Amino acid sequence: MQPEKFNMLNEDQKFINGILDKYGYEITWLAGKLNMEYEIVRYQLRDAKNYRQDFHQRVVEILKKEGLITSNKEICDHLKNELIDFSTVLTGTVSIISKSIKEKIQDRHLSDEEKKSLKDQLRNQLNRVTDEFNDLLLTIDLR
């Protein structure tokens, strides 16, 4: 698996692709086990922006039955990686917001347009962090 090729995937997609790659299995093998069309399975694992969790659960169950996920170690490692990724996003977000606000309020007078821009930036970053929190909660519940 080429890591740069899968940068846009979510953590669950990366996890499944990593397991397949680690053990040398192809998507065609997984499609057969799932009794699904290759194109559908490939799309979910490689292209889907809204990766379906019901699909993910089926894949995890198959990988467990096949002995490719043999313990909770892989899942715990996956969760640890997600927490590290989350921490990085949160730290980066706070840093970006702090720097932006400090730069814009140096003269201590903000125009209405600047206030609106800062509020919009804060809301966008808040939504991003909230999405990450929700993703972590979902990931923990699925495990």
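Residues numbered from 1 in each chain as written. Predicted model: local features only at pLDDT ≥ 70, side-chain atom pairs only at ≥ 80, totals over all residues. Heavy atoms only, no water.

A. Inspection of the packing of helix α2 (residues 27–34) against helix α4 (residues 53–65) at higher detail. Axis separation between α2 and α4 bottoms out at 10 Å; the angle between their running directions is 100°. Between α2 and α4, the interaxial angle falls into the category roughly perpendicular. Note on element contacts: α4 touches α2 through Phe55, Arg58, Val59, Ile62 and Leu63, opposite Trp29, Leu30, Lys33 and Leu34. Grouping the constituent residues of the contact of α2 with α4 by class yields 7 nonpolar, no polar and 2 charged. (Axes fitted to C-alpha atoms, helices over the stretch in contact; angles between N-to-C directions. Helix = DSSP H or I, 4+ residues; strand = E, 2+ residues; numbered from the N terminus. Parallel < 35°, antiparallel > 145°, perpendicular 65-115°, else oblique. Contact = heavy atoms within 4.5 Å. Nonpolar A, V, L, I, M, F, W, Y, C, P; charged D, E, K, R; others polar.)

B. Highlighting the packing of α2 against helix α3 (residues 38–46). Remark: α2 packs on α3, axes separated minimally by 9 Å, with the N-to-C direction vectors making an angle of 115°. For α2 against α3, the interelement crossing comes out right-handed. In this structure, α2 contributes Ile27, Thr28, Leu30, Ala31 and Leu34 to the contact, and α3 contributes Tyr38, Val41, Arg42, Leu45 and Arg46. Taken together, the residues of the contact of α2 with α3 break down into 7 nonpolar, 1 polar and 2 charged. (Left-handed = near helix turned anticlockwise from the far one by under 90°.)

C. Layout of the nonpolar core. Ile16, Leu30, Val41, Leu45 and Leu63 are the most contacted members of the largest nonpolar core, which totals 18 residues. Elements represented by at least two residues in this core include exactly α1 (11–23), α2, α3 and α4. The dominant element in this core, judged by the number of residues it contributes, is α4, at 5 residues. Non-local contacts of Leu45, meaning those with residues more than four positions away in its chain, are made with Leu9, Gln13, Ile16, Asn17, Leu20, Ile27, Leu30, Tyr51 and Phe55. (Core = buried A, V, L, I, M, F, W, Y, C linked by side-chain atoms within 4.5 Å. Buried < 20%, exposed > 50% of the residue type's maximum accessible area, 1.4 Å probe, protein only.)

Function-wise, these values are silent; they only describe arrangement.
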